[in-house]
Amino acid sequence: GIPNRDAIEPRRSVILCAFGGVTIDMDYLLCEPSIHARWRDQELTANFRGWIRTSTDGFPGELAELISRWAAAHEEEIIANHLRIGRSAWPLQPIAPPDPLEVQAVQPLLPPASD
């Protein structure tokens, strides 16, 4: 599984983008620079081009596809943030979320929250 990131490095919890219950931060301690997405208790890691590297079993495919498209569309901004990390240039710059219509289209396809 994916280790608890917050226990490894506090700055890894800097959120680059948030939408529809998803948070995305920079997963910069991996060998290949990546973004890290969380939705409920599910996690996904993708490279800067949006290629999914890992995800937990319960991460919805529709949401993974949306995140993949988002990362591909914002590759230059993600890389710029990665370069900021290399220069210890904090804070990282937020990145705009996907189009609200795309997020709304995915919401009905997601499983309901379990209490």
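Model, not experiment: these values are computed from the prediction. (Residues numbered from 1 in each chain as written. Predicted model: local features only at pLDDT ≥ 70, side-chain atom pairs only at ≥ 80, totals over all residues. Heavy atoms only, no water.)

Peer 1: Please clarify how the pattern of salt bridges should be interpreted in this entry.
Peer 2: A side chain of one charge can pair with a side chain of the opposite charge if their charged atoms are brought near each other. Tallying each qualifying case throughout the model produces two salt bridges. The partner of Arg-49 in a salt bridge is Glu-75, and the shortest N-O contact between them spans 3.7 Å. Linking Arg-49 in the loop between strand 4 (42–47) and strand 5 (52–55) with Glu-75 in helix 3 (residues 75–86), this pair joins segments that are 26 residues apart in sequence. Judged by relative accessible area, Arg-49 falls into the partly exposed class, the value being 46%. On the basis of relative accessibility, which here comes to 23%, the residue Glu-75 falls in the partly exposed class. Between Arg-69 and Glu-102 there is a salt bridge; the shortest N-O distance is 3.2 Å. With Arg-69 in helix 2 (residues 61–73) and Glu-102 in helix 4 (residues 100–106), this pair connects stretches of sequence that are 33 residues apart. (Salt bridge = Lys/Arg side-chain N within 4 Å of Asp/Glu carboxyl O. Helix = DSSP H or I, 4+ residues; strand = E, 2+ residues; numbered from the N terminus. Buried < 20%, exposed > 50% of the residue type's maximum accessible area, 1.4 Å probe, protein only.)

Peer 1: Any chance you could explain helix 2 here in plain terms?
Peer 2: Residues separated by three or four positions in an α-helix point in the same direction, a consequence of the helix having 3.6 residues per turn. Its 13 residues place the ends of helix 2 18 Å apart at the C-alpha level, agreeing with the 18 Å of an ideal helix rising 1.5 Å per residue. The set of residues buried in helix 2 consists of Leu-63, Ala-64, Leu-66, Ile-67, Trp-70 and Ala-71. Seen from one end, helix 2 has its buried residues packed into an arc of 160°, which puts them on one side. (Expected span 1.5 Å × (residues − 1). Arc of directions from axis to C-beta.)

Peer 1: What is the right way to look at the pairing of strand 5 in this model?
Peer 2: When a strand is regular, its side chains alternate between the sheet's two faces. Examined bridge by bridge, strand 4 and strand 5 share three bridges and lie antiparallel to one another. Within strand 5, the position partnered with Ala-46 by the bridge is Ile-52. Linking strand 4 back to strand 5 in an antiparallel pair, the connection comprises four residues, with Gly-50 at a positive phi of about 95°. (Pairing = 2+ DSSP bridges.)

Peer 1: Even after reading the chapter, I still don't get the environment of Asn-47, so can you show me in this structure?
Peer 2: Tracing the sequence through the fold places Asn-47 in strand 4. Judged by its relative accessible area of 4%, Asn-47 falls in the buried class. Asn-47 sits 15 residues away from Glu-32 along the chain, and the two C-alpha atoms are 7.3 Å apart. Contact partners of Asn-47, with chain neighbours within four places excluded, come to Glu-32, Pro-33, Ser-34, Ile-35, Arg-53 and Ala-71. (Contact = heavy atoms within 4.5 Å.)

Peer 1: What is the right way to read the nonpolar core from this model?
Peer 2: In globular proteins that are soluble, nonpolar side chains generally tend to be buried together. If you look at the biggest cluster of nonpolar residues, it comprises 26 residues, and the most contacted ones within it are Ile-24, Leu-63 and Ile-67. With six residues, the single largest contributor to this core is helix 2. The residues touching Ile-67, leaving out its near neighbours within four places in the chain, are Phe-19, Val-22, Ile-24, Ile-35, Ala-37, Leu-44 and Phe-59. (Core = buried A, V, L, I, M, F, W, Y, C linked by side-chain atoms within 4.5 Å.)

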